[in-house]
Every structure is written in structure tokens, then in C-alpha cells.
Amino acid sequence: MKLPTLREIGTEAKLLLIGIPVLIWTLVPIYHMFLFAISPKEDAFSGKLWPTHPTLNNFKIVFYQEHYFLRDFWIQFFNSVVIALSAGALTLMIATAAAFSISRLRVPGGRWVMNLALFTYFIPAAFLAVPMYRTMGNYGLLNNHWSLILAMVTIASPYAIWVLKQASDKLPVELDEAATMDGATTLQLFRLVYVPLMMPSLVAIGTYAILLAWNEYLYAFLLLSKDTEITLPVALGNFLAADDSPWELLMTTGFIYALPPAAIYYAFKRYMVGGLTAGAVKS
Amino acid sequence: MAITLSGDPAIASPPLSARLTTPQVWGIVLLAPYILVFLAFVVYPVGYGLWLARHPASYVALYHDPIFARAAVNTLIFLLVGINLKMAIALFLSGFFAQQRTWIKWLSVLFILPWAVPSIPTILSVRFMFNPEWGVVNQLIFKFTAEDGPNWLNDPTVALAMAIGVHIWKSLPFWTLILMTGRLAISHDLYEAAEVDGATWWQKFRFITWPSMQTLYVTCTLLSMIWTLGDFNSVYLLTGGGPADLTHVLATLGIRYLRLDQLSLAMASIVCALPFVLPLVYFMMKRLSR
């Protein structure tokens, strides 16, 4: 092994000088949350960087719903899961069908629909929230899980259709022609040729929609309000309303809430990075 | 950077008319669910919202509402400072993360965390960290200086700056990742040739990196502008628009009016932002829909 030269050490030191602040900046809010989650109430407010008596008691309180603020924890968790999965499945179905129709069947007016969808994608979701709230009221869907599911599908599908269309445009036309020649009907073409070939993009889009719905706060808090109907992020936001909020329990719940999306993200990183980020911006 | 462009209708259209009538029917059937969603949850709400915002009186009321003027200024500051700072740091860090080191690879895995976790718990964590009485930051200040720390979120300027900070914290990884893919697409030969010619790092950046990343950088900045305009969480969850409604941005202002049951004002404030948003949206659409 050869010894590093002075110049190499210098470069390494410079890189560390960037890397360490980046690491601290990234981790501080997350570590702070974790620290509260494992601190007993007395320790939590002492300003120590590691609790004297780390404990999992907060998790126990959350899981057994032993606090006034947490009495509906499991049902809220369940609401979040149901809404995220439904929004993911529905987005996937609608967007796959639309992308197949636009890209493979070249339905007349398909480009128009694509452009309108893209237009929706670029309208900031917060701007659409107010009219969406009123609309859901007019439809009589307020305080119904369907309102949030449908709102999430509306927000997720434009990008989903766009990514899936990009991916399916790359599949050779000859494939469809050969299948049709062999007597495949359009539905068979969709089921047996298109969907299997699109699997990686479908996984990416499904994950995208699920994470979007799981993470959504604004729409969830506008559209749902009953304690047994709301999702976890809304419940977290409600902690803020009270002066005597148990912060260590809030942070514990927040930590539990943040784990699934982080795990999904890292599990599907391969698809997410390839299928989504690179496609998000092209120049 | 090129992601293959498509949509060349010339390739498939001749045979279509001849034999593909059933597929066309299927095409319409398969497209119908999205069209229904679009009509019910985009066209109708937008139309209804515009109809609610039709009274000139709402705009007069907005014009006389100091909170609206303040929110407009805040939004501008948020966009100008937040986005430029974020994109400049992202550009810089994309160069850092493009370095081939094992520890940098591991760091990049952690670096993506703010983007991967939901924003609510982390923003609340920051909010609590800076709580003037019990927050860790002021605890530490008290421990070292024996003096009370500042009342962070009660100062509108500091509070807005912190909202921008939270926004940057959350979205920096995403943009760094995007710019890094752009950077990695640049041919390594160019840098080697520059190395042989004795170029400094600034010259390499100026004459190789920047020219190849310019378009991507501008696209990213514009896209980030649109998304930042809709960033509700960073402000609402950190400051709640306070103190005294001085830190609202347009995204939170609409919700504030809604909560006060001033629906026409809520819609009017959004309509006021449209002249700025629509050109950006149109430009981005042109970019992506080719």
C-alpha cells in the first residue's frame, strides 16, 4: 500500500470539511425527534444530547394508546394505511390504462389529455386545495375517506401518466404488431404484453402514489376532521392545538409515522431513482 | 440528459385507420377513468373556484388587507432567497456527491433522509427544538452563556428565515440528486483533457460543468419555483403564519381565509397568483410534453 501524498490528504480534508456539516445539517432534526422518542418525560426537557435513562416507554404508551391524545392511534394508523394503499392502487389502475391508451393505442385526442394532465401536475397542490375542499363538500364527501383518496388520485395521476407514457413509448411498436398478428385482442395485449413489460415503472409509480398519500397533510386536514376518521399526520398536527401537549409522545408518534415511508423509499430506491427522479426533469 | 422523446404520430397512424377500430374504442374506454377524475376533481373545482372569485369586491378587500400584501412580499422573499440558495447549494453538493469515495456513497444514503421521511414530524421537531422555553437550542444557549436565548419563532424575520431553512432542508436532497445525474452524464474525457492542460477547478466548472448543466439548472429552478409556491407545510407547521399573521405565504393565506370563512377572498388570493404561475406552468409543460 502506498502512502497518500500530501495533496491527497488535502483533498480528503477538504471533502470532510464539506461532508461533516452536511451530515450534521441532515441529521439534527431527525436525531432530535429520535432523542425525544427514547427519553423519559423528565429527561426530554433537559437539553442533553443523550438521555441518562433511554427508554422505550414512550413507544409502549403510544402502542397501548395510554394517553388522551393517542386514544385513537391505531385507528388513525389504519386510516393512513387504507388511504395510502387505496390511492396507490387506484392511481396505478387509472394511470396505466391512460398511458396504455395514449401511448400504445394512440387514441385520438390522447396528446391533449396528456397536456391537460401535465398542466394539472404543475399547478401547486396548495392552490387547488381550497376549491377541492368546496367541491368535496358539494359532492357530500367531506369526512369520508373517499374524499382524500380521490383527491390524492387526482394529484398523483398526472405525473404517473406522464412517467408511464415516457416508459411505454420506449417499447417497440413491433411488439404490439406481432401480438395483434397472433390474434391477441387489445385486452390481452394490455394484460399479457404491456403490463409485464412495464413492471419496473409500475412499481415506481405505485410507490410514488402510496408515499404521496401517506405523507399528505394539507388535504387530509381539510377534508377529514373526526378523530376516528383522520390520518396520522392530521393527528400529529392536532397535538399542536393544545398547550399541554406531551411533546415526547408527539415525537414518538412522528417517529413511528416516518418509519414506513423511509423503509419503502430505501427498499424501492432502485426504482425510485431510475424511474422517477431522472424522469422528473429532462433537458 | 436526453430522455428519449417520443410521440411521433407518423409511425403508427396509417395502419390505425385501416384496421384498428376496436383498439380505438378500447383506447377511449381505458382513458375514460382519468378523464372522469379530471372533470370531477380538476375542471369542476377550478371552474367553481373561479366563479367564487368573480366579484371585484374581493380584490378590493384583498388590496386593503395588510396581511395579503405581507404574504405577497413574504412569498417573493421565500422564492428569491429560498430557491436560489437551495439550487446553488444543490449545484455545489452535486459536485461533492459525484466524488468516487465509499464514505461519500454512505453519506449520500443518509443525505436523502429528509426527502424520504414525511415533513410533518421533522418540521414539528424543528419547531420544538427552537421553542424559547423548553427547546434544546435555548437550553444549550443558557447552559453556555447563562443568558436566555432569543424568542426565535416570535420574530417574523427570523421565523420566515427558519421556514425557508426548513424548506431547503426538506428539498435539497432531491435537487442535489437531480443535478448529480446531470453532472455524471458529462463525459469524463473532458475533465481529463482539462487536467492535462492544467485547468484550475474554477476553469473546469466554468468551461465544462456549467455549460453542460445550464439548461438542466434553469429547468430545475423553474420547476422548484412552482413547487415552492405550493409549499404549505414549511410555513404552516413551523410558524402557523404567526406571529400576528406576519409570516404567511400565498399557499397558507388561502387556507387562512378559508378557516375564517372568507371563501371568496381565499379564491381571489389564489387568482392573484395565477399571472405569475401560469407562464411558468406553460413553459414547463412545453418542456415536458414534446
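This one's a predicted model, so the numbers in the text were calculated from it and none came from an experiment.

Focus: the overall build of chain A
When helices and strands are tallied, chain A shows 13 helices and 0 strands. Reading chain A from its N terminus to its C terminus gives the helix and strand order α-α-α-α-α-α-α-α-α-α-α-α-α. The C-alpha radius of gyration of chain A comes to 24 Å, more than 25% above the 19 Å expected for a compact globule of 283 residues. In terms of overall dimensions, chain A has a C-alpha envelope of 75 × 70 × 30 Å along the principal axes. In chain A, buried positions account for 47% of the 283 residues. The contacts of chain A with a sequence gap of at least 6 include a subset with a gap of at least 24, amounting to 77%.

Section: the overall build of chain B
The secondary structure content of chain B amounts to 14 helices and 0 strands. Its C-alpha radius of gyration of 24 Å places chain B more than 25% over the 19 Å reference for a compact globule of 290 residues. Viewed in the frame of its principal axes, chain B has a C-alpha envelope of about 80 × 65 × 30 Å. Looking at chain B alone, contacts between residues at least 24 apart form 71% of all its contacts between residues at least 6 apart.

Quick word on the domain arrangement of chain B
The accessible area lost on association of the parts is a frequent measure of interface size. By the assigned domains, chain B splits into domain 1 (22-52) and domain 2 (57-288). Each of domain 1 of chain B and domain 2 of chain B was reduced to a C-alpha centroid, and the two centroids are 33 Å apart.

What to know about the UniProt feature "domain: ABC transmembrane type-1" (unreviewed entry) in chain B
According to UniProt, the "domain: ABC transmembrane type-1" (unreviewed entry) feature falls on residues 72-282 of chain B. What you have in residues 72-282 of chain B is 78% helix and 0% strand, and the ends, taken at the C-alpha atoms, are 22 Å apart.

Quick look at the UniProt feature "transmembrane region" (unreviewed entry) in chain A
Residue and element names in this part refer to chain A. According to UniProt, the "transmembrane region" (unreviewed entry) feature falls on residues 15-38, 73-100, 112-133, 145-164, 192-214 and 249-268. The span residues 112-133 carries 91% helix and 0% strand; its end-to-end C-alpha distance comes to 27 Å. Taken end to end, residues 145-164 is 100% helix and 0% strand, and its two terminal C-alpha atoms sit 27 Å from one another.

A short note on the UniProt feature "transmembrane region" (unreviewed entry) in chain B
All names here are of chain B. The UniProt record marks residues 25-47, 67-94, 106-130, 158-186, 207-229 and 263-285 with the feature "transmembrane region" (unreviewed entry), using the residue numbering of this structure. Regarding residues 158-186, the helix share stands at 93% and the strand share at 0%, and the terminal C-alpha atoms are separated by 40 Å. Along residues 263-285 one finds 100% helix and 0% strand; the C-alpha atoms at either end are 30 Å apart.

Brief notes about the interface of chain A and chain B
Across the boundary between the two partners, chain A contributes 80 residues, which contact 82 residues of chain B. Per-class residue counts for the side of chain A that touches chain B are 56 nonpolar, 18 polar and 6 charged.

Focus: the environment of L76(B)
Here L76(B) lies in helix α4 (residues 66-97). With 57 residues separating them along the chain, L76(B) and E133(B) place their C-alpha atoms 31 Å apart.

Observations concerning the packing of helix α6 (residues 125-139) of chain A against helix α14 (residues 263-288) of chain B
The relative placement of two packed helices is expressed as an angle between their axes plus a distance between the axes. Packing of α6(A) against α14(B) brings their axes to within 9 Å, and their N-to-C directions diverge by 145°. Crossing of α6(A) over α14(B) shows left-handed handedness. Across the interface between the two elements, F127(A), V130(A), P131(A) and R134(A) of α6(A) pack against L263(B), A266(B), M267(B) and I270(B) of α14(B). A class-by-class count of the residues in the contact of α6(A) with α14(B) yields 7 nonpolar, no polar and 1 charged.

So, the confidence of the model for chain B
All names here are of chain B. In the predicted model, chain B carries a mean pLDDT of 84, and 92% of its residues have values of at least 70. When pLDDT is averaged over each element of chain B, α4 comes out on top at 92 and helix α1 (residues 13-19) at the bottom at 48. Taken as a whole, residues 1-17 scores under 50 in pLDDT and shows 20 contacts with residues more than four places along the chain or in a different chain. Reported confidences for the modelled complex are a pTM of 0.87 and an ipTM of 0.86.

Some points on the packing of helix α9 (residues 186-215) of chain A against helix α12 (residues 247-267) of chain A
Residue and element names in this part refer to chain A. Where α9 contacts α12, the two axes come as close as 10 Å, and the packing angle between them is 160°. When the axes of α9 and α12 are compared, the pair comes out roughly antiparallel. Where α9 crosses over α12, the handedness of that crossing is left-handed. Seen from α9, the contacting residues are T207, L211, W214 and N215; seen from α12, they are P260, P261, I264 and Y265.

Section: the domain arrangement of chain A
Residue and element names in this part refer to chain A. Domain annotation of chain A identifies domain 1 (6-63) and domain 2 (69-280). A straight line from the C-alpha centre of domain 1 to that of domain 2 covers 32 Å. Contacts between the two partners involve 11 residues from domain 1 and, on the opposite side, 11 residues from domain 2. Where the side of domain 1 that touches domain 2 is concerned, the elements lending two or more residues are α1 (6-37), α2 (41-44) and α3 (57-63). Residue composition of the side of domain 1 that touches domain 2, grouped by class: 8 nonpolar, 2 polar and 1 charged.

So, how was this worked out
Residues numbered from 1 in each chain as written. Chains lettered and ligands numbered in written order. Predicted model: local features only at pLDDT ≥ 70, side-chain atom pairs only at ≥ 80, totals over all residues. Helix = DSSP H or I, 4+ residues; strand = E, 2+ residues; numbered from the N terminus. Rg over C-alpha atoms; globule rule 2.2 N^0.38 Å. Buried ≥ 20, exposed ≤ 12 C-beta atoms within 10 Å, placed from the backbone. Contact = placed C-beta atoms within 7 Å. Domains from an automatic or database assignment. UniProt positions renumbered as here; feature names shortened; annotations may be inferred. Nonpolar A, V, L, I, M, F, W, Y, C, P; charged D, E, K, R; others polar. Axes fitted to C-alpha atoms, helices over the stretch in contact; angles between N-to-C directions. Left-handed = near helix turned anticlockwise from the far one by under 90°. pLDDT = per-residue confidence, 0-100. Parallel < 35°, antiparallel > 145°, perpendicular 65-115°, else oblique.

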